[in-house]
Amino acid sequence: MTVQPPRLRRILLVEDDPVHSRVVAKWLSAAGYAVTAVESFALAAAALKSRWDAIVCDCDLPDGNGLEIARIAKLAYPRLPFILVTAGRQAERVVQAVRYGIDDMMLKMAPLRREHLLARLAELIDATDEPYETVLAIGAHPDDVEIGCGGALLQHVQNGHRVVILTLSQGAAGGDVAQRVLEAQAAAKKLGAELILGDLPDTQVAENGSTIDLIQKAVAAFAPTRVYTHSVNDLHQDHRNAARASLSATRGVPRVACYQAPSATVDFRPTMFVDIQQQLEQKLALLNEYQSQCVKAPYLAPEQIRANARYWSKYTASEGAEPFEVVRACA
Ligand SMILES: [Zn+2]
């Protein structure tokens, strides 16, 4: 049984009073949180591009209102715990706080108490926490995984999950191997994933034997809680065989889903859609690492990737999504 390390919780502290900021940051750090303190509305708004486990925000900032930070944050991340620290209990503020879905308001001059703040933070983070995951993403060739589920993988990394990419072949049929390996390594590094590069023969990936062995070794080494792999509904023989081998080798994994490759057939029938609107630009940056393929593969064109994400978003409330055929979804 693999014991997963506890995930470091990241708190954004927005406070313009340097003394107050230092005191609260010290409380949070001593409680084991990773704290990033900013002192203005502008810096807080910019920091919302990153993923946080909770935000503790002063209401009265020199260049704006903490309530507006709450509105923007809750719009992007509705479940993100948000505690507003305010000097006054004006009714108008309370009404806005409720409207924006702020989780708690604390009075600065009450005074703000360490035990109370830490207890509420722990309670709110626990309530919204997702279980720790180890994700194994399997692709027959370099770039398959990033095209099919790059957005979902970015989201896993941003949620603190471990992501491992297993690429079965080094893509000799699609170009110079040395360059393709470098591109795969650069994309994995940018994604924040570990990369395992197999050496199966490109265009001749088998559906059993060495392919199942390779995947089984990765499953044994990383004990994934979730696997993303190819679909059998694909025109490319390597993709179909990688899908079939994956289904055998990952039979003990609780959650398995198949992503869409550009060579998917019309029989590809997804039932799970991951909102990647926030990750779409980063996904394009990952694909941009594959320069040897970008010049000749129209399916890597940014407008094609954007159009595909936009198309599947019709099943979500977002403007960009990745589709998956669900093989197994154990609760
Ligand atoms: Zn491929």
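Residues numbered from 1 in each chain as written. Predicted model: local features only at pLDDT ≥ 70, side-chain atom pairs only at ≥ 80, totals over all residues. Heavy atoms only, no water.

Draft legend 1. Structural view of the coordination of the zinc ion. Only H141 (ND1), D144 (OD), D144 (OD) and H239 (NE2) from the protein coordinate the zinc ion, and they sit 2.1 to 2.4 Å from it. Bound by 4 donor atoms, the zinc ion shows angles of 56 to 129° at the metal and therefore irregular coordination geometry. The sequence pattern formed by the donor residues of the zinc ion is H-x2-D-x94-H. Of this pair, D144 sits in helix α6 (residues 144–158) while H239 sits in helix α9 (residues 237–249), and the two are 95 residues apart along the sequence. By relative accessible area, which is 8% here, D144 ends up buried. Accessibility expressed as a relative area gives 5% for H239, which makes it buried. (Donors = N, O, S within 2.8 Å, 3.2 Å for Na, K, Ca; no water. Tetrahedral: all angles 85-135°; square planar, octahedral: opposite > 155°, others 65-115°. Helix = DSSP H or I, 4+ residues; strand = E, 2+ residues; numbered from the N terminus. Buried < 20%, exposed > 50% of the residue type's maximum accessible area, 1.4 Å probe, protein only.)

Draft legend 2. Region of interest: the packing of helix α3 (residues 66–76) against helix α4 (residues 91–100). Where α3 contacts α4, the axes come no closer than 9 Å and their chain directions differ by 10°. The orientation of α3 relative to α4 falls into the category roughly parallel. When α3 is examined against α4, the residues L67, R71 and K74 are found in contact with a partner set consisting of R93, Q96, A97 and Y100. Residues that form the contact of α3 with α4 fall into these classes: 3 nonpolar, 1 polar and 3 charged. (Axes fitted to C-alpha atoms, helices over the stretch in contact; angles between N-to-C directions. Parallel < 35°, antiparallel > 145°, perpendicular 65-115°, else oblique. Contact = heavy atoms within 4.5 Å. Nonpolar A, V, L, I, M, F, W, Y, C, P; charged D, E, K, R; others polar.)

Draft legend 3. Summary view of the confidence of the model for the chain. Across the chain, pLDDT averages 91, with 97% of residues at or above 70. Per-residue pLDDT, averaged within each element of the chain, yields its smallest value for α4 (81) and its largest for strand β11 (residues 226–229) (98). With pLDDT under 50 throughout, residues 1–5 is counted as low confidence; its partners more than four residues away or in other chains account for 4 contacts. (pLDDT = per-residue confidence, 0-100.)

Draft legend 4. Just the sheet that holds strand β10 (residues 194–200), in detail. Strand order in this open sheet of 7 strands is β10-β9-β8-β11-β12-β14-β13, and the pairing throughout is mixed. Pairing within the sheet leaves two strands with one partner each, and these edge strands are β10 and β13 (272–275). Recorded for the sheet is a direction-independent mean angle of 25° between the axes of neighbouring strands. Packed on one face of the sheet, helix α8 (residues 210–222) meets β8 (134–139), β9 (162–169) and β10 and runs near 165° to β9. (Pairing = 2+ DSSP bridges.)

Draft legend 5. Structural detail: the environment of C294. Along the chain, the position of C294 falls in helix α11 (residues 291–294). For C294, a relative accessible area of 25% gives the class partly exposed. Taking the C-alpha atoms as reference points, C294 and Q170, separated by 124 residues in sequence, lie 17 Å from one another. What C294 contacts, discounting residues up to four positions off in sequence, is L287, N288 and L300.

Draft legend 6. Just the packing of aromatic side chains, in detail. The full count for this structure, using the stated rule, is 6 aromatic pairs. Ring geometry for F273 against Y315: centres 4.6 Å apart, planes inclined by 20°, an arrangement best described as stacked. Remark: Y315 occurs in the loop between α12 (302–312) and β14 (321–329) and F273 occurs in strand β13; sequence separation between them is 42 residues. Residue class for F273 comes out partly exposed when judged on its relative accessible area of 23%. Residue classification places Y315 among the partly exposed positions, given a relative accessible area of 48%. One aromatic cluster in this structure is built from F268, F273, Y311, W312 and Y315. (Phe/Tyr/Trp six-rings, centres within 6.5 Å; stacked < 30°, edge-to-face > 60°.)

Draft legend 7. Representation of the pattern of salt bridges within the structure. All chains considered together, the criterion is met by 14 salt bridges. With its nearest N and O atoms 3.3 Å apart, the salt bridge here joins D58 to K108. You can see D58 sitting in strand β3 (residues 54–58) and its partner K108 sitting in the loop between β7 (104–107) and α5 (114–128), a full 50 residues away along the chain. Taking the relative accessible area as the measure of exposure, D58 reaches 3% and is therefore buried. You can call K108 buried: its relative accessible area is 12%. Linking E68 and R71 is a salt bridge whose minimum nitrogen-to-oxygen distance equals 2.7 Å. Placement of the pair is E68 and R71 together in helix α3, with a separation of 3 residues, close to one helical turn. Overall, E68 belongs to the partly exposed group, its relative accessible area being 26%. What you see here is one network of salt bridges that share partners, running through E15, D58 and K108. (Salt bridge = Lys/Arg side-chain N within 4 Å of Asp/Glu carboxyl O.)

Draft legend 8. Looking closely at the side chain of H20. Secondary-structure assignment places H20 in helix α1 (residues 18–30). Polar side-chain contacts of H20 include one of 3.0 Å to the side chain of E15. Look past the residues within four positions of H20 in its chain and what remains in contact with it is E15, V85, K108 and L112. (Polar contact = N/O pair within 3.5 Å; in protein donor to acceptor, adjacent residues only side chain to side chain.)

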